[in-house]
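If you want the building blocks of each chain, they are given just below.
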Amino acid sequence: MPCKLLNVCVYETNKLVRIQSVRLGSLKWTFNGVILLFICIMLLWNKEYQEHDYVVSSVTAKVKGVAMTSLPELGEIVWDVVDYSGPSQGKNSFFVVTNVIVTKNQRKGTCPEVPQNGIICQKDKDCIKGFWDQHSHGVQTGACVKFDVIRKTCEVSAWCPLESKKKPPRPALLPSAENFTVLIKNNIRFPNFNIIRRNILPEMTDSYLKHCQFNSRTDPRCPIFRLGNIVQEARENFSEMAVEGGVIGIQISWDCNLDGFLRNCLPKYSFRRLDEKESNRTLYPGLNFRFARYQTVNGVEERTLFKAFGIRFDVMVFGTAGKFSIIQLIIYIGSTLSYYALTTLFIDWLIGTSCYSKEARQNYTDKKVESVQDKQQCILCVSFVDENHIALVKRSQKRSLQQAKPISVHPWKEDTGHLHAMVGVRQKDRIIDQQPQVLPRRSHPDWCLCGCCLPSNQPQEQLCCRRSIGRCITTSSQFGQLVLSRPVLEAVLLYREPLFELTEGEEQTAALRHCAYRQYISWRFGVPPKECLPVMPSCSVWRIREFFPSKEGDYTGLRISRTQFCGDCHAFFMVY
């Protein structure tokens, strides 16, 4: 399309092919109904008509509980929230001690290092003064001293005696921690909707909160949780987990619907274990940390070292809020309209399968697909008398048209209008011509298989009427009656140009010659495929020229050009 300002005002639309078929029509509406049902289900199930916003959250936790345990080194000890909560474990988390290893009466001094991976010393030079590594309890003094009756280790400057136990006691020393409770306060906000909520609901009173305890079936909204129930909901055993510790996730989900009578915005709690619990598959299983209690005895500072094992609870908040939005609804409807193209794709595929006859498939393809050739490419069509189809070939400047391989094959389509006109003309005028016998030429080119063609230097003119050796089409009586009959040609000329002067002369002979060309093409090609040029065989062209010769003996030959009509639509024409 030329680049013009007026082209901006041009409207373009798609071309449709309508097939009158009850079976295909029913199939189309069935598929469209299924697609519409799917779209509606997804619209309601996923609330695609809503605008969504993500939650902004803050969490605080308050643990309560008291336990008493008996330690071999210290005797009976009472643990309250200050003792078992430990240091802060990070944002939205709290920690509860469940097991301990105690090393009491430690003082700053020197003592033999605990053997690490079986490493021992024999003499002082085996120890390096000032050396330490990540596994050391202190800094080496450079002396090799006795650790026990058999072994010697390097002396270190550290808190002595050193911690020697590595494995936590079984069962855990604080099993009663499962009866501790925790109050989780969660405040959320959806900024786009300016909605603020908390997990302590407005209808919850002070007396209710003093007695309620979370239960997934009987009381799923209570914000007070028993630690044993949390671990149980995560499908874990508290007694086993308390030995080495671990990490439990408390998930609070806010799935809020802010539309009218469907308005709902309540928390939903779920629990799961976050760390790897199998000790044989984990290098450092569980969770532990160390802390100390310091005191002064006879003016000397001492401490009791605790290696505490416990469970860390991470509170994670997720949530979205949705509210009806006409814009989101329009976007969803617009995006799902493309699903209806699946119906077209399926039916097109179905027509192309063996469910339909070859003729029906070809007819549908011809109606639906309109081929447009490249401007730099010329497609020729040829028709052989010993074949019942039309072959399309590319024009070549080197290879003869007779030897060109077809790029596609199309069934022959009868030109019924031309056939009826010829029958009417012959019946009206009772035209009977005797076709003189055509003898094969003594010398004919190699590509000629009928023996009646003449040589040509143009590859596009090197075409015979046959694909295999046999009788030439010009010897047929129909050739003489339809192509060479002067009365028939004159009738055709007068039909097309009623005021044409049928006078003897070069002009009339040329008109009859070109009319004979058109007669042959209508007879042998019928309705040729679009955007292709029908090419006559050499024997037929020269037979017509012999019957309607030019006085000067000059013939144009096959010339392929372009002409323009109907705006920007292009077509080809050729002149012999």
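This structure is a prediction, so every number in the text was calculated from the model and none was measured.

1. What about the pattern of salt bridges?
Stage number 1. For the coordinates displayed, the defined rule picks out 10 salt bridges.
Stage number 2. In this structure, Arg290 engages Glu163 in a salt bridge whose closest nitrogen and oxygen atoms are separated by 2.8 Å. With a gap of 127 residues between them, Arg290 in strand E13 (residues 288–297) and Glu163 in the loop between strand E7 (152–160) and strand E8 (181–190) connect regions that are remote in the sequence.
Stage number 3. For Arg290, a relative accessible area of 45% corresponds to the partly exposed category.
Stage number 4. Looking at Glu163, the relative accessible area reads 8%, which means it is buried.
Stage number 5. Arg273 is paired through a salt bridge with Glu236; the nearest N and O atoms lie 3.5 Å apart. On the criterion of sequence distance, the pair formed by Arg273 in strand E12 (residues 267–273) and Glu236 in the loop between helix H4 (227–233) and helix H5 (238–244) is long-range, its members being 37 residues apart.
Stage number 6. Classification of Arg273 by relative accessible area gives buried; the value is 15%.
Stage number 7. One network of salt bridges, with partners in common, ties together Glu236, Arg273 and Asp275.

2. Comments concerning the environment of Tyr332
Stage number 1. Residue placement: Tyr332 occurs in helix H6 (residues 326–336).
Stage number 2. Those residues in contact with Tyr332 that lie beyond four places of it in its chain are Ile39, Met42, Leu43 and Glu48.
Stage number 3. Among the polar contacts made by the side chain of Tyr332, one reaches the main-chain carbonyl oxygen of Ile39 at a distance of 2.9 Å.

3. So, the nonpolar core
Taken as a class, soluble globular proteins show a tendency for nonpolar side chains to be buried jointly.
Stage number 1. In this structure, Phe94, Val96, Phe190, Leu227, Ile230 and Phe313 are the most contacted members of the largest nonpolar core, which totals 53 residues.
Stage number 2. Cys452, Leu484, Cys539 and Phe548 belong to the second largest nonpolar core, which has 37 residues in total.

4. Examining the packing of helix H1 (residues 22–45) against helix H7 (residues 341–351)
Stage number 1. Viewed as axis vectors pointing N to C, H1 and H7 meet at an angle of 145 degrees, and their least axial separation amounts to 9 Å. Where H1 crosses over H7, the handedness of that crossing is right-handed. Contact residues: Leu24, Leu27, Lys28, Phe31, Asn32 and Ile35 in H1; Leu342, Thr343, Phe346, Ile347, Leu350 and Ile351 in H7.
Stage number 2. A breakdown of the residues in the contact of H1 with H7 according to their chemical character gives nine nonpolar, two polar and one charged.

5. As for the UniProt feature "transmembrane region" (unreviewed entry) in the chain
Stage number 1. In the numbering adopted here, UniProt assigns the feature "transmembrane region" (unreviewed entry) to residues 29–45.
Stage number 2. With 100% helix and 0% strand, residues 29–45 has its two end C-alpha atoms placed 24 Å apart.

6. Description of H1
Stage number 1. Look at H1: 34 Å from first C-alpha to last across 24 residues, which is about the 34 Å you get at 1.5 Å a residue.
Stage number 2. Contacts from the buried residues of H1 go to H6 and H7.
Stage number 3. Of the residues flanking the end of H1, it is Lys47, one or two places downstream, whose phi is positive at about 50 degrees.

7. A short note on the state of the cysteines
Stage number 1. Throughout the structure, instances matching the rule amount to five disulfides.
Stage number 2. A disulfide bridge connects Cys256 with Cys265, and the sulfur atoms are separated by 2.0 Å. One quick way to see it: the torsion about the S-S bond of Cys256 and Cys265 is about 55 degrees, and its sign makes the bridge right-handed. Take Cys256 and Cys265: they sit in the same class, and that class is buried.
Stage number 3. Taken in sequence order, the bonded cysteines of the chain link in the pattern 1-6, 2-4, 3-5, 7-8, 9-10.
Stage number 4. Take Cys450: it sits in no disulfide, and the sulfur closest to it among the cysteines is that of Cys464, at 3.5 Å.
Stage number 5. Judged by relative accessible area, Cys464 falls into the buried class, the value being 0%.

8. Observations concerning the sheet that holds strand E18 (residues 533–534)
Stage number 1. The mixed open sheet is built from four strands, whose spatial order is E17-E16-E15-E18. The open sheet terminates on both sides in strands that have one partner only, identified here as strand E17 (408–411) and E18.
Stage number 2. As judged from the five bridges shared by strand E15 (residues 379–383) and strand E16 (residues 389–394), these two strands associate in the antiparallel manner. Across the sheet, Ser383 pairs through a bridge with Ile390, a residue of E16.
Stage number 3. Along the sheet, helix H12 (residues 506–525) contacts E15, E16 and E18; its crossing angle with E15, the most-contacted strand, is approximately 75 degrees.

Calculation notes
- Residues numbered from 1 in each chain as written.
- Predicted model: local features only at pLDDT ≥ 70, side-chain atom pairs only at ≥ 80, totals over all residues.
- Heavy atoms only, no water.
- Salt bridge = Lys/Arg side-chain N within 4 Å of Asp/Glu carboxyl O.
- Helix = DSSP H or I, 4+ residues; strand = E, 2+ residues; numbered from the N terminus.
- Buried < 20%, exposed > 50% of the residue type's maximum accessible area, 1.4 Å probe, protein only.
- Contact = heavy atoms within 4.5 Å.
- Polar contact = N/O pair within 3.5 Å; in protein donor to acceptor, adjacent residues only side chain to side chain.
- Core = buried A, V, L, I, M, F, W, Y, C linked by side-chain atoms within 4.5 Å.
- Axes fitted to C-alpha atoms, helices over the stretch in contact; angles between N-to-C directions.
- Left-handed = near helix turned anticlockwise from the far one by under 90°.
- Nonpolar A, V, L, I, M, F, W, Y, C, P; charged D, E, K, R; others polar.
- UniProt positions renumbered as here; feature names shortened; annotations may be inferred.
- Expected span 1.5 Å × (residues − 1).
- Disulfide = S-S within 2.5 Å.
- Pairing = 2+ DSSP bridges.

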